[in-house]
Amino acid sequence: MSQLRSGDSALMQELGDFPDDDLEVELVEKECRTVRHSVPEEGVELDSHVRDCVQSYTQPWLMVSRRCQGDSWSAYSERASLHKTLQKQTFESDVQPEKLETPVKSPSLAVLSDDSSRTLTSSDFDLRSGLTPDPRVEGLLHFSNHDDLDRFNQEARQGNRHPELFALYPPADDDDAVEIRPIPDCPKEHMGDRIIIRCQAIKFEIDIEPLFATLALYDLREKKKISENFYCDLNSDQFKGFLKPHTPQTDHSTLSRAAIFSITYPSPDIYLVIKIEKVLQQGEISDCAEPYMVMKETDSAKNKEKLEKLRNQSEMFCQRLGRYRMPFAWATVNIMNVISTATLDRDTTDSDSLNGKSSSLEKRGQLPRRNSERFGTMEDQCNMSAFKPATITISTFCKQEGDRLSDEDLFKFLADIKKFSSLQRRIKTIPGTIRLDVTPVHDNPVACLSTELIPVKPLAEKNVRPVKEVLEFPSSEVYVPHSTYRNLLYVYPQRLNFVNRLTSGGRNITIKIQFMSGEDPSCVMPVIFGKSNGPEFVQEVYTPVTYHNKSPDFYEEVKMALPARLTERHHLLFTFYHISCQQKQNQTGASEALIGYSWLPILSTDRLQTGQYCLPIALDRLPVNYSLHSPERITPQVPPVKWMESHKGVFNLEIQAVSSVHTQDNHLERFFTLCHALEGGVTFPLRVREEKIPENKLEHELKLSIISLSSSRLEPLVLYLHLVLDKLFTLIMQPMVIAGQTANLAQIAFESVVSIVNSLHNSQELARDQQGRNGLLATYLYWVFRLPDSNELLNTGPGGVVPPTEGRYSTMGRASATTVGTMLLQSRIRSSSNPDIPAPHSAEDTEVNNILSAKGQNNPGSRMSTYVDVSSHPQSSTGGTRPSNRKQFHEELALQIVVSTGVCRENAYKYAWFFFELLVKSMAQHVSQLEKQDVPRRSRFSDRFKDDVTTIVSVVTAEIGTILVKQQKELEQAEKVNISLAFFLYDLLSLMDRGFVFILVKNYCNQMSAKTVSMPTLISMRLEFLRILCSHEHYLNLSLYFSSPASAPVSPCPSISSQSSSSCSFQEQRILGLFELSQEFKQQHYLAGLLLTELSAALDMESEGGKVQRKAINATYSLLCAHDLDQRCTRPDVRAKVATLYLPLVGIIIDSINYLDFTVSEARGGKSKTGGSDEDPDNIPPINQSIAMAIAGNPFNTLARNALASMASVQSAKAVATLSAETSRNLLLCFLWVMKNAERSLIQRWTVDMPSAQLNRLLELLTICVSCFEYRGKRSSDKVSTQALQKSQQAKMQLEDSLLRGIGARGEMMRRAGGSDRAGQRVNLRWRKDLTQWRQTNDKHDKTKAELDQEALISGNLATESNLIVLDLLETIVQAVPLADCKDSVVGGVLRVLLHCLTCNQSTTFLSHCFSTLRALVVKFGDLLFEEEAEQCADLCQKVLQHCSSPVDGNRSQACATLYLIMRYSFSSANNFSRVKMQVTMSLASLVGKSEDFHEEYLRRSLRTILAYAEEDTEMQNTPLPSQVDELLRNLNSILSDTVKMREFQEDPEMLMDLMYRIAKGYQTSPDLRLTWLQNMAEKHKNRKCFTESAMCLVHAAALVAEYLSMLEDHKYLPVGSVTFQNISPNVLEESAVSDDILSPDEDGVCSGQYFTTSGLVGLLKQAAELFSNGGLYETVNEVYKIIMPVLEAHRDFRELVSTHEKLQRAFDNIIQKGHKRMFGTYFRVGFYGAKFGDLDEQEFVYKEPGITHLPEISHRLENFYSQCFGDALEMIKDSKGIDRSKLDANKAYIQITYVEPFFDDYEMKDRLTNFEKNFNLRRFMYTTPFTKAGRPRGELNEQYKRKTILTTMHTFPYIKTRINVIQKEEFDLTPIEVAIEDMQKKTRELAVATHREQPDAKMLQMLLQGSVGATVNQGPLEVAQVFLNEIPADPKLFRHHNKLRLCFKEFIMRCGEAVEKNKHLITLDQKEYQQELKKNYNRLRENLRPMLERKIPELYKPIKPRLENRDSVKRLSFRRALEENS
């Protein structure tokens, strides 16, 4: 440390100098569920195995932790309350503006005054009179000095900032969080899902005697009883009194009526079975049950006496036979059905959903998975811990059948019930009810007793009825190590077979069962658990009696507490009795008659007896010493024993043990027995099962038993895992002296450990965590493992002392040092460390150490030389810290790992994590012992051990490499080993010399880079490795203060201040160098350098899906995050120091700018970054492009004029996988953090020296940051970007699983019982980041309001903070400008970023600072801005104006001040005011037109405020400025007034467009503004999908531009003003320019916009062409391009010409393909009548609607809109007759809508040939109205008239709006005969078309024929002919009509003929008859018509006389006829 400068060392102290007592090895008391540990009874001498077990279950945990570990993480837990400390940021988007004036709901239609009266400046009310200005910004003009201004702004910005940036951002994705080592669960007793069942009532129809219930669970699928019995009875005190004589006492624990059942493997077939017994009485079960079946308590009068009699009878039986029971009835219910139905109707909003629902999900994922699918189906149905409490009522009992009592019978019954879902007929039922309550158990209820009857916490206050925990017998193995002492035995008598026995004695048989410790009757032990309402423990139990059954079945379960020490004398005794139920007259005494005895010794060859037995029965008496033998094998005795049925087995029973001391596994039992033999105190030969082992064979047998350990069954191995491992580790550590010989078992024990570790990992049944660690082993290491007690195996007795070392290692004295050295070397080769050789002394003396290390450096026998050296310096060993000859566990373990071979070696490295953690925990214990003796760090471990560790690390690294090269599929395995290696080194940093660890890291890196593996994989490996190392709590010290891996600390790079003296150029290099990843940096900051190198490599690399990039970025991110939230890094100077460490990161990020993903503004529908390249640049939007793109959220476009093109080129230059949005955000956050915390002066120097290209990229990066962290508003304020959200709940579940428990299944067992043990809390703090307020809500789709507000609050603060960091940086850059050369581009660039900031959604806090900065820019660089950056100024005006209309007062006042300053400085700098004036006006116009939610009232206030600024600005009073401002504001005000009106018509698009049209017309004299409004209209049309109108607006705009261009420059290729455009539409002529004297285009500020250029013109036209194409008017596209082409040709722009021709080709193709299919507009005449309409009264319009619009649609739309205005006063006129004003109600508003068709004169039809031409440039429309003279609309043929009305509109359609006024109306009437002519012509035309189609349509043709020749057509052709042609008209004026009609009919009949012929060819076979019918009809029609058709009018064929001039009938002739005649 000496080299450090004092300041640095102080800092270092602060960062938590490596504390010496970093390690904490502590004993933590076990948490016990029960009041006391379950332990064997007092005062018994235990055998050593039981003693070990009990000790293992009760000793405290040994935990190793590091004091500071996780410091940086604890901050996460504090984030939960973060939102309480934050300030709320105001965002305009969240503010609901309060309405200043309540707008009227109905648009007052009268406001549409006449066009002509509007002039530009007429404003609706005066600004001055109506409003008071807002408060002004203080000190706007006070700063004369720029530096003061900057300082003032800087201080303002630094106030109230949030210090921790990362706290505002959600933690990075946990998928990558490899540095999180889940803390394994604390070992706990296993419990399944627990439910509590309370017995509320058991009632029968009559109540005459005590009854007893037994409850148990049965799994039908597994055919297994899965719980012990629970006994309860609900008998009244009267009935209890009956039994008094047989109940010595009643213990509290037997009063329980509620039981907790546990179910580990829920299956749909779990049944709760309730068996009812009663006291034994005379008679069959049926007889005893009869009263219950026939009588009822309710018929009390009738039955009173009978019942009384029955009660007395039962009292008698109780007193005599009260100790015996008989089976009576049973009932069952499928408990899973109850639970699943209770789950389904559960309301999810229940309060307990937090601990209920979620935990159950976790549990479900955790169900131990079997390979079979047995448990698969259940998971979906029921949720064991989250069902609603339910009550079960069972209303029928089944009577027990005396011959069907066994469990097999029961399962048959259950299977039937399941199959038929009801009871079978043959089962007799008894009416009655059972009521049970079922609830899930979350916490232990009070007054609960464990299965051993120990009270469970929490205790009950007063005497409450206890709840009993019922022991589960899981239906399948459970893999959870034992953690409590349990020693229970269950005896199940099954059946007796007395059939062959002839004596009548054995009929009502009961068995008395006792547990004996000897043969004397007094040796009976009270270890049998009692039943309900009796003693807790009893000495004997009687089985229930089946009446008169010689071979009864039993269903009894006898539960016993086994004594801890069993001897060969312990046995079970069974006594068989016959019970006489009826008392014989002469018999007074006992009711029981002895039949015989049987017994069963508990131990057989020292092993607990369990399983099935069939025992013989001895009659009369028991043989002597019987208990020493089993009854089958008993030796013949004198006198001989009398056996029933000649010693045959007649009594079947089963015994099961539930014990955590009896292993019930041969291999384990043998191993434990032999281990205990080593501890002494045993006599040889040793008996193990059947064999005897002499002492000299012990070693051999022990080795065998160790080897065979791993072949024992998995379940027992897991159950005794902790004990087995403890024993094995003891054997590894301790040499054994057996029969005087030293036996070394270390190697075999080690191999056994490896194989156990292997088999646990390979088991499918066991859980692993996400790092592949087996859960059971991880738990063992973390909680249980402790160094094998060195004295343990040497103890001679409890007080034994370690024998003195000389005695033990006698060889040492004899051997010379050299030989020992050789032996040592050989021992190393022989792979088993020889205990006779002491380990090398730890040399305290450093000098010695140096010599040693020098000598042993490259010498293959270095161990030998080391040893010899030490022994030749005997004096050095005096300082030794421990007896040199004691083996250290870690040394032995490391040695074993190094020397292992073969499979053992392979597995040791495969599961290296286990041995690493074992080493670390043992080293930690070793170090903590040394620390007590003050041993310096470097001498803690021997060199030999260090060599071993080096070897291990290098071998493991090599292993990883091998896997990567050879087995690609094992990649995951390699990753896991890699992670465990990283954790090993991470842990070593806290234990060993750090320089040594760094060398290991260096070796790892070198080894890992030499591999021939794909780069991404390697980088990803190294990243995970580094990520773990960097998460070390002292990482900062390691990085900042150690220069080279040799751990010689030097000063970190000098700060700028200390360097000021050095030469400047050198310094520039230095500063730029600081931001690059230089060699020097990597040396000085080793770990940080490594990490940044990987990051930079990863970013440069292509990888699939950007995985590696994500990993690298998240690693850096989580590291910075840890610093940011680290308590030790709160001081700014410390932070600056830390930030210096990451300066190269900035360089890396700037270089990687192309990879970032900018789809950050999903909220704004931005395109992805490639959006521009695949569409051609002609879709440049009509608004200023940078604004448009900024609005679209694509920040690039704010950076370059034609950014789309430049982007495309960037794209192609380097095709790199871009990063996902979330990853980009993480990277940018790192950048912002460094920028926030690094020294300002440093950054400033850096920006000054930076080359301009680099600076531009920096500015680009800042723009991206702004977009990235933009606030998204309350609703979607999900901090995690959308992708992260999609990692659905399930992914989150998996994550929690893996973090908290482990991925697999059986880890469940470890986790089940909750509880807040230490680890639990720690887990919560460190890993459950989702408990803090971030993650908790991501998967809840409907968040509560509070959560949303909280998220909005935090994301608002994040947006504000990140934008402020950007602003700070911009200020830093701008302040450095005077020093830089190219100031203009810098200022422009900075302004661009600022403008982009204004485009985004910003908080008031940020805006105020941002506007201050903008004002400073205007003050400092005004001239530059207004001259050079004209376009940006326009943007600036628009943005500022936008904020002037903000509802937030603060934003408004800042914006006003800024706008005023812009005006003032633009006025004073170069009299550029006119340009600004223009820009402001245009900005306002475009704002007003486009913005939906525009608050004009706020803008008015702002205008008033700006006026106030101008009036109060004393300096400017004598200049024209105030008056010019005044004029400008008046203009703006008038634009606003229009807007107000526009607002009113928001709902009525036609009115709105009319208004916009009128506003645009008002700007006829101001081309820029007219252009803006035309564009606004285009935008509006486009939004409504009216593409044609939108295109027309742009064509008009282009014509306008053309007019002004032609004034400015005279080029042949340019269009000659608007005339050129008439081919597109004659309407365009409106745009011809106003005479020159009004406006000359040269005047400053006029026509200076970007559109008044050739390229602007082309841009507009191209867009118009695109829109025409969208609207389907492909012909017009051609016309538009005819104007563009000459320009392109003149500019020789061949590329554009290519694309133009392509588009033309596409257009023509479309015409060919879609020509006749296109649907053009539909037109309607709409008339408005009524004074209520104001201006609209009596106005008629033609509306253009989309292609297929039906009358009801438009009618409905208008009705909807206007009824909002007028309510019921609106009336729609349904017909199209003329309107008579006098008949209308003055108080109503009428609308008349008529369908009209385009109308063309005959001469026009010659030009309008195509479908398109008939639908384009339309001005005249026609509709017809039928009428009769009588006034009805319809009548007979001869009185049916028709009126045709032709309307002419003001402009042609399509126009720039969709409705046009009607300016002329002509009408003419048709007489009935003319009507007939028209109809016939139409029919004929239709027939002709249908007949001559290319692909005729049979259906269509037949339909027309049917209407023409069908016999029944009403008013059909025949009738028409008969009416009009039957006779020649009297009136000669009608001759001509008559003739015309006759000719029509001639043609008609001809066409009919053709059609009938045609039809003949089209019909199918089945239509033959139909065709004949048609033909017949046709012939008939032709015959009928013939006479009429052949009669001509003779007069018509005379020569014509000229007498037509004075005909007076012209008026009645048709309009067309009149014309014809005049021609």
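Residues numbered from 1 in each chain as written. Predicted model: local features only at pLDDT ≥ 70, side-chain atom pairs only at ≥ 80, totals over all residues. Heavy atoms only, no water.

Draft legend 1. Quick look at the overall build of the protein. Looking only at helices and strands, one finds 69 helices and 38 strands in the protein. The proportion of buried residues among the 2023 residues of the protein is 57%. Contacts in the protein between residues far apart in sequence, at least 24 positions, make up 80% of those at least 6 positions apart. (Helix = DSSP H or I, 4+ residues; strand = E, 2+ residues; numbered from the N terminus. Buried < 20%, exposed > 50% of the residue type's maximum accessible area, 1.4 Å probe, protein only. Contact = heavy atoms within 4.5 Å.)

Draft legend 2. Summary view of the nonpolar core. Residues F915, F1231 and Y1762 are the most contacted members of the largest nonpolar core, which totals 358 residues. With 13 residues, helix α58 (residues 1587-1608) is the largest single contributor of residues to this core. For F1231, the residues in contact, after removing those within four places along its chain, are V1146, I1149, L1258, L1261, L1262, C1265 and L1369. Grouped together as the second largest cluster of nonpolar side chains are 46 residues, I206, I208, L215 and I394 included. (Core = buried A, V, L, I, M, F, W, Y, C linked by side-chain atoms within 4.5 Å.)

Draft legend 3. Broad picture of the confidence of the model for the protein. In this model, the protein carries an average pLDDT of 76, and 76% of its residues clear a pLDDT of 70 or more. Counting interchain partners and residues more than four positions distant, the pLDDT-below-50 stretch residues 346-381 has 81 contacts. Throughout residues 790-885 the model reports pLDDT below 50, and contacts reaching past four residues in sequence, or to other chains, amount to 104 contacts. (pLDDT = per-residue confidence, 0-100.)

Draft legend 4. Representation of unusual backbone geometry within the structure. Residue P458 is bonded to the preceding K457 through a cis peptide linkage, with omega at -5°. The residue P458 is located in the loop between β13 (455-456) and β14 (467-469) in this model. Between F1853 and P1854 the backbone carries a cis peptide bond, its omega angle lying at -10°. Along the chain, the position of P1854 falls in the loop between β37 (1841-1853) and β38 (1859-1870). The residue N533 is not glycine, and still its phi comes out positive at about 50°. Relative to the helices and strands, N533 is located in the loop between β17 (528-529) and β18 (537-538). Assessed through its relative accessible area of 15%, N533 is described here as buried. Of note, R1692 is a non-glycine position whose phi angle comes to about 55°, a positive value. Here R1692 lies in the loop between α60 (1674-1690) and α61 (1694-1714).

Draft legend 5. Inspection of the state of the cysteines at higher detail. Enumeration over the complete set of coordinates arrives at zero disulfides. Left without a disulfide partner, C1397 is nearest to the cysteine sulfur of C1410, which lies 5.3 Å away. Residue classification places C1397 among the buried residues on the basis of a relative accessible area of 1%. Free of any disulfide, C1456 has its nearest neighbouring cysteine sulfur in C1444, separated by 4.3 Å. Overall, C1456 belongs to the buried group, its relative accessible area being 0%. (Disulfide = S-S within 2.5 Å.)

Draft legend 6. Just the side chain of K1420, in detail. Positionally, K1420 belongs in helix α50 (residues 1404-1428). Here D150 takes part through its side chain, which lies 2.9 Å from a polar atom of the side chain of K1420. Those residues in contact with K1420, other than ones at most four positions away along the chain, are H146, D150, V1374 and Q1375. (Polar contact = N/O pair within 3.5 Å; in protein donor to acceptor, adjacent residues only side chain to side chain.)

Draft legend 7. Structural context of the pattern of salt bridges. According to the stated counting rule, one finds 71 salt bridges in the structure shown. In this structure, the salt-bridge partner of E1738 is R1781, at a minimum N-O distance of 2.5 Å. Of this pair, E1738 sits in the loop between β32 (1722-1729) and β33 (1740-1745) while R1781 sits in the loop between β34 (1770-1773) and β35 (1789-1798), placing them 43 residues apart in sequence. Ionic pairing is found between K1960 and E1957, a salt bridge with its closest N-O pair at 3.9 Å. Of this pair, K1960 and E1957 are both found in helix α67 (residues 1935-1962), three residues apart, which corresponds to roughly one turn of the helix. Judged by its relative accessible area of 34%, E1957 is partly exposed. Residues participating in the shared-partner salt-bridge network are R33, E189, R194, E452, E469 and R486. (Salt bridge = Lys/Arg side-chain N within 4 Å of Asp/Glu carboxyl O.)

Draft legend 8. Fine view of helix α37 (residues 1143-1151). Burial within α37 is extensive, with eight of its nine residues counted as buried. Of all the positions in α37, only L1143, P1144, L1145, V1146, G1147, I1148, I1149 and I1150 are classed as buried.

Draft legend 9. The arrangement of the packing of aromatic side chains in detail. Tallied over the full model, the rule gives 53 aromatic pairs. Each ring, one from F166 and one from W1233, has its centre 6.5 Å from the other, and the planes form 50°; the classification is tilted. In this pair, F166 sits in the loop between α6 (146-158) and β3 (193-204) while W1233 sits in helix α41 (residues 1221-1237), placing the two residues 1067 residues apart along the sequence. You can call F166 buried: its relative accessible area is 0%. Consider the rings of F204 and F328, whose centres lie 5.4 Å apart with planes at 55°: the pair is tilted. Of this pair, F204 sits in strand β3 while F328 sits in strand β9 (residues 325-334); the two residues are 124 residues apart in sequence, bridging distant segments of the chain. Overall, the relative accessible area of 11% leaves F204 in the buried class. For K559, the ring lying beneath its charged end belongs to F529, and the centroid distance is 4.4 Å. If you follow K1857 out to its NZ or CZ, it ends over the ring of Y1557, 4.4 Å from the centre. (Phe/Tyr/Trp six-rings, centres within 6.5 Å; stacked < 30°, edge-to-face > 60°. Lys NZ or Arg CZ within 6 Å of the ring centre and 35° of its normal.)

Draft legend 10. Region of interest: the sheet that holds strand β26 (residues 618-619). Taken together, the five strands give an open sheet; going across it, the order is β19-β16-β21-β22-β26, and neighbouring strands pair in antiparallel fashion. Each edge of the open sheet is held by one strand with a lone partner, namely β19 (540-542) and β26. Sheet topology places strand β16 (residues 509-516) next to strand β21 (residues 571-579); eight bridges connect them, and they run antiparallel. Bridge pairing in β21 places I513 opposite F574. (Pairing = 2+ DSSP bridges.)

Draft legend 11. Expanded view of the pairing of strand β8 (residues 270-279). Where burial is concerned, most of β8 is hidden: 10 out of the 10 residues are buried. Bridge count for strand β4 (residues 211-219) against β8 is nine bridges, and the pairing is antiparallel. In the sheet register, L211 faces β8, and the bridge partner there is K278.

Draft legend 12. Just helix α59 (residues 1654-1671), in detail. With 18 residues, α59 extends 26 Å between its outermost C-alpha atoms, agreeing within 8% with the 26 Å of an ideal straight helix rising 1.5 Å per residue. Among the residues of α59, those classed as buried are T1654, G1656, L1657, V1658, L1660, L1661, K1662, Q1663, A1664, A1665, L1667 and F1668. Where α59 is buried, its residues contact α57 (1567-1583), α58, α60 and α61. (Expected span 1.5 Å × (residues − 1).)

Draft legend 13. A look at the environment of D1775. Tracing the sequence through the fold places D1775 in the loop between β34 and β35. Residue D1775 is classed as partly exposed on the basis of its relative accessible area, which comes to 36%. A C-alpha to C-alpha distance of 7.6 Å links D1775 and T1794, two positions 19 residues apart in sequence.

Draft legend 14. Highlighting the environment of Q200. The residue Q200 is located in strand β3 in this model. Residues Q200 and L234, 34 residues apart in the sequence, show an inter-C-alpha distance of 8.6 Å. Excluding residues that lie within four positions of it along the chain, Q200 makes contacts with L234, R435 and D437. A distance of 2.6 Å separates the side chain of Q200 from the side chain of D437, its partner in a polar contact.

Draft legend 15. Spotlight on the packing of helix α24 (residues 889-899) against helix α26 (residues 912-931). Here α24 crosses α26 at 155°, and the two axes come no closer than 8 Å. Taken together, the axes of α24 and α26 lie roughly antiparallel to each other. Read as a crossing pair, α24 and α26 show a hand that is left-handed. Together, F889, H890, L893, A894 and I897 of α24 and F915, L918, L919, S922, M923 and H926 of α26 make up the contact between the two elements. (Axes fitted to C-alpha atoms, helices over the stretch in contact; angles between N-to-C directions. Parallel < 35°, antiparallel > 145°, perpendicular 65-115°, else oblique. Left-handed = near helix turned anticlockwise from the far one by under 90°.)

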